[in-house]
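Examining the three-dimensional arrangement
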Amino acid sequence: MNRRPTIMDVAARAGVSKSTVSLVLQGSKQVRAETRTAVEKAMAEIGYVYNRAAANLRSSSVGLVGLVINDLRNPFFTEFATSLQMAIAAEGYATVIANSDEDPELQAKLVGSMIEHGVSAMVISPAYGAASDTFDQLARRGLPTLQVLRQGDERTDLFPFASFDYATGSAKATRHLLQQGARNVAFVGGLPGRAITRERKSGWRDVLKKDGLEEVALHGKSSRAFGMEMAATLIADHPEIDAAVCFNDLVALGLMAGFARAGRPVGTGFRVVGFDDIEEAAQSWPQLSSVSCDIAQFAQDTAARLLGWMVEGERPEPELRMPVRLVTRASSTGETT
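1. As for the overall build of the protein chain
Counting its regular elements, the protein chain contains 13 helices and 12 strands. Residues classed as buried in the protein chain amount to 51% of the 337 residues present. The contacts of the protein chain with a sequence gap of at least 6 include a subset with a gap of at least 24, amounting to 71%. In the structure as shown, the protein chain presents an accessible area of about 15500 Å², 49% of it carried by carbon and sulfur atoms. Each charge sign in the protein chain was given a centre, from 36 positive and 39 negative side chains, and these centres are 4 Å apart.

Rendered as structure tokens:
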């Protein structure tokens, strides 16, 4: 070799990633002993000399993880981002967090900026819409990248995807409402045509189809405002509907507020189940039943899978679905505590 060996040369010789070599040089405890030995052996064989002074100048970007979230205003995503950041920090890494605000063009710019600032890996909850600009630049760089909660790119061999078993969740919610005496269960919220909406509707649809019941779905933004608006729509245009599975808790909380404003009781006359089980679900009045997604544990698992990829080169499985559970409260049972 006529030029001075680089970290990339060491990585190629040892059969590991550049990030793993960097972690060995930093003395990270996350690297397995056999991996460290292989890297050190490769350094000796090619004559690599670590320039610590130069490395210190670059230290602001070593071990940096980029996190891009589609909507940080939503408490569900805020909790995920916070939990993931804390889990990564516990292992000695820093996180750069950005909100794409459901804008795929902004998302691509944010990812590009993070790449320029030297992130070692990415976690993305994708914005709605075309995301090829975002993921193509990540593919070119070969950065370890996880898609979470939503799938923006079908190349899960390159960008593994992890989320929750939404279909089972909505099926459990629908079956619960029918067991509580509901006769007609609507689905409220979620933008039509979105994969996440189809997933969260699918269990509801399967239960209704099995029981021979009519489907009534009211689609729209996943917000409190939309939920309040749909309360008036249900009262005026769909008096036969006596229960609802909502796309998320924000829609459900808005729906309950709309029924309260109309003087209609929720929990007995009309039953509601939300989705995500954010903290406010247990603090509302009446308390909101919800499909619980353990977002804190999901964030910890995401951190572990990402660090395993970064440090040991262990690419996660292409797709992972975490289980959900139904938490029943007064909004669907009528039982107050």
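2. Digging into the pattern of salt bridges
When their charged atoms lie close together, side chains carrying opposite charge are able to pair. Scanning the model with the defined rule gives 16 salt bridges in all. For Arg13, the salt bridge identified is with Glu45, shortest N-O distance 2.9 Å. Here Arg13, found in helix α1 (residues 7-14), pairs with Glu45, found in helix α3 (residues 33-46); they are 32 residues apart in sequence, far enough to count as distant. Given the relative accessible area of 43%, Glu45 is considered partly exposed.

3. A look at the confidence of the model for the protein chain
The pLDDT averaged across the protein chain works out to 91; a share of 95% of its residues lies at or above 70. Across residues 56-61, confidence stays below pLDDT 50; counting only partners more than four residues off in sequence or on other chains, it has 3 contacts.

4. Thoughts on the packing of aromatic side chains
One pass over the structure, following the stated rule, counts 8 aromatic pairs. Geometrically, the ring pair formed by Phe164 and Tyr166 is tilted, given 6.4 Å between the ring centres and 45 degrees between the ring planes. Aromatic side chains Phe164 and Phe298 sit 4.8 Å apart centroid to centroid with 35 degrees between the ring planes, which places their arrangement in the tilted category. Residue Phe164 is found in strand β5 (residues 161-164), and its partner Phe298 is found in helix α12 (residues 295-312); the two are separated by 134 residues along the sequence. Its relative accessible area of 2% is what places Phe298 among the buried residues. Three or more aromatic residues joined by ring pairs form one cluster here, namely Phe80, Phe164, Tyr166, Phe275 and Phe298.

5. As for the nonpolar core
Of all hydrophobic cores here, the largest spans 85 residues; its most connected members are Phe80, Leu149, Phe164, Val188, Leu255, Val272 and Phe298. Looking at this core element by element, the count peaks at 9 residues for α12. When near neighbours in sequence (up to four residues on either side) are disregarded, Val272 contacts Leu177, Ala244, Cys246, Ala252, Leu255, Met256, Val266, Leu288, Ser289, Ser331 and Ser332. Listed in part, the 14 residues of the second largest apolar core include Val111, Met114, Ile115 and Leu138.

6. Thoughts on the packing of helix α5 (residues 75-89) against α12
Describing two packed helices takes the angle between their axes plus the distance from one axis to the other. Relative orientation of the contacting elements α5 and α12 amounts to 40 degrees, with a least axis distance of 8 Å. Accordingly, the angle class assigned to the pair α5 and α12 is oblique. Every pair of crossing elements has a handedness; the one defined by α5 and α12 is right-handed. On α12, the residues that touch Phe76, Glu79, Phe80, Ser83, Leu84, Ala87 and Ile88 of α5 are Ile295, Ala296, Phe298, Ala299, Gln300, Thr302 and Ala303. Residue composition of the contact of α5 with α12, by class: 10 nonpolar, 3 polar and 1 charged.

7. Looking at helix α2 (residues 18-26)
Every buried residue of α2 is listed here: Thr20, Val21, Ser22, Leu23, Val24 and Leu25. Phi turns positive one or two residues past the end of α2, at Gly27, with a value near 75 degrees.

8. Topic: the state of the cysteines
As enumerated under the stated definition, the model contains 0 disulfides in all. Unpaired in terms of disulfides, Cys246 finds its nearest cysteine sulfur in Cys293, a separation of 14 Å. A relative accessible area of 0% places Cys246 in the buried class. According to the relative accessible area criterion, Cys293 is buried, its value standing at 4%.

9. Side note on the sheet that holds strand β6 (residues 185-188)
One open sheet holds the 6 strands; their spatial order is β7-β6-β8-β9-β10-β12, and the pairing between them is mixed. Each of the sheet's edge strands pairs with one partner strand only, and the pair in question is β7 (217-218) and β12 (325-327). In the packing of helix α11 (residues 249-261) onto the sheet, the strands contacted are β6, β8 (243-246), β9 (271-276) and β10 (289-292), and the crossing angle to β9 comes to about 155 degrees.

10. So, unusual backbone geometry
Cis geometry is adopted by the peptide bond preceding Pro286, which originates at Trp285 and carries an omega value of -5 degrees. Relative to the helices and strands, Pro286 resides in the loop between β9 and β10. One non-glycine residue, Glu102, adopts positive backbone phi at about 55 degrees. Topologically, Glu102 is positioned in the loop between β2 (94-99) and α6 (104-116). You can call Glu102 partly exposed: its relative accessible area is 27%. Positive phi outside glycine occurs at Leu149, with the angle close to 70 degrees. Along the polypeptide, Leu149 turns up in the loop between β4 (145-148) and β5.

Calculation notes
- Residues numbered from 1 in each chain as written.
- Predicted model: local features only at pLDDT ≥ 70, side-chain atom pairs only at ≥ 80, totals over all residues.
- Heavy atoms only, no water.
- Helix = DSSP H or I, 4+ residues; strand = E, 2+ residues; numbered from the N terminus.
- Buried < 20%, exposed > 50% of the residue type's maximum accessible area, 1.4 Å probe, protein only.
- Contact = heavy atoms within 4.5 Å.
- Areas by Shrake-Rupley, 256 points an atom, 1.4 Å probe, with all protein chains shown as cover.
- Lys, Arg positive; Asp, Glu negative; His and termini not counted.
- Charge placed at Lys NZ, Arg CZ, Asp CG, Glu CD.
- Salt bridge = Lys/Arg side-chain N within 4 Å of Asp/Glu carboxyl O.
- pLDDT = per-residue confidence, 0-100.
- Phe/Tyr/Trp six-rings, centres within 6.5 Å; stacked < 30°, edge-to-face > 60°.
- Core = buried A, V, L, I, M, F, W, Y, C linked by side-chain atoms within 4.5 Å.
- Axes fitted to C-alpha atoms, helices over the stretch in contact; angles between N-to-C directions.
- Parallel < 35°, antiparallel > 145°, perpendicular 65-115°, else oblique.
- Left-handed = near helix turned anticlockwise from the far one by under 90°.
- Nonpolar A, V, L, I, M, F, W, Y, C, P; charged D, E, K, R; others polar.
- Disulfide = S-S within 2.5 Å.
- Pairing = 2+ DSSP bridges.

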